[in-house]
Amino acid sequence: GAKVGVIVQPGDWHHFQLPAARALFPEAKCYVASERNLRKQPSLVASVLDRSSPSIPELGNEVALLPWMGYTQDSMPWLVSGERRGAPRIEFVLFHRPSATLFITD
């Protein structure tokens, strides 16, 4: 089977599945969109993507990471991120160049 080398959490919400993913693929390098993910799950070992110059070296030039800007946390921010209402969301869009596939989060 294929080896999973990288796990990417492209948004600052929907991070509750990361411990299960890390358990399934313990050798994979994990990247998260925000320090919020780590604050809500302190035992998680992951690198935070740089918002202004994001990169995942293991993926080379095959994947472009683009910050998704402009949205705010207007519903249940305290539950999923611990941030106040109106705080900016931190999310990334991933574009896989060879297949022209766009990965987005909600």
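Preceding block: the structure.
A.B. asks: Tell me about the overall build of the protein chain, residues and numbers included.
C.D. replies: Along its length, the protein chain carries three helices and six strands. Starting at the N terminus, the α and β elements of the protein chain follow one another as β-α-β-α-β-β-α-β-β. Burial status across the protein chain gives 35% buried among its 106 residues. Within the protein chain, contacts between residues separated by at least 24 positions form 50% of all contacts whose residues are at least 6 apart in sequence. Surface summary for the protein chain: the accessible area is close to 6,400 Å², and the carbon and sulfur share equals 60%.

A.B. asks: Tell me what's going on with unusual backbone geometry, and back it up with residues and numbers.
C.D. replies: One non-glycine residue, Ala-100, lies in positive phi territory at about 55°. With respect to the helices and strands, Ala-100 occurs in the loop between strand E5 (91–96) and strand E6 (101–103). Exposure remark for Ala-100: the relative accessible area of 56% places this residue in the exposed category.

A.B. asks: Would you mind going over the sheet that holds strand E1 (residues 6–9) in detail, with residue names and values included?
C.D. replies: The strands making up a sheet associate through hydrogen bonds between their backbones, and the pairing can be parallel or antiparallel. Sheet architecture is open: three strands sit in the order E1-E2-E3, paired in parallel fashion. Only two strands of the sheet have a single partner each, and these edge strands are E1 and strand E3 (47–48). As defined by bridge partners, E1 adjoins strand E2 (residues 29–32) across four bridges and the pair is classed as parallel. Opposite Val-8, over in E2, you have Tyr-31 as the bridge partner.

A.B. asks: Before we move on, could you go through the environment of Leu-59 and cite the residues and values that matter?
C.D. replies: Here Leu-59 shows up in the loop between E3 and strand E4 (63–68). Leu-59 gets classed as partly exposed once you look at its relative accessible area, which sits at 26%. For the pair formed by Leu-59 and His-96, sequence separation is 37 residues and the distance between their alpha carbons is 9.6 Å.

Rules behind the numbers
- Residues numbered from 1 in each chain as written.
- Predicted model: local features only at pLDDT ≥ 70, side-chain atom pairs only at ≥ 80, totals over all residues.
- Heavy atoms only, no water.
- Helix = DSSP H or I, 4+ residues; strand = E, 2+ residues; numbered from the N terminus.
- Buried < 20%, exposed > 50% of the residue type's maximum accessible area, 1.4 Å probe, protein only.
- Contact = heavy atoms within 4.5 Å.
- Areas by Shrake-Rupley, 256 points an atom, 1.4 Å probe, with all protein chains shown as cover.
- Pairing = 2+ DSSP bridges.

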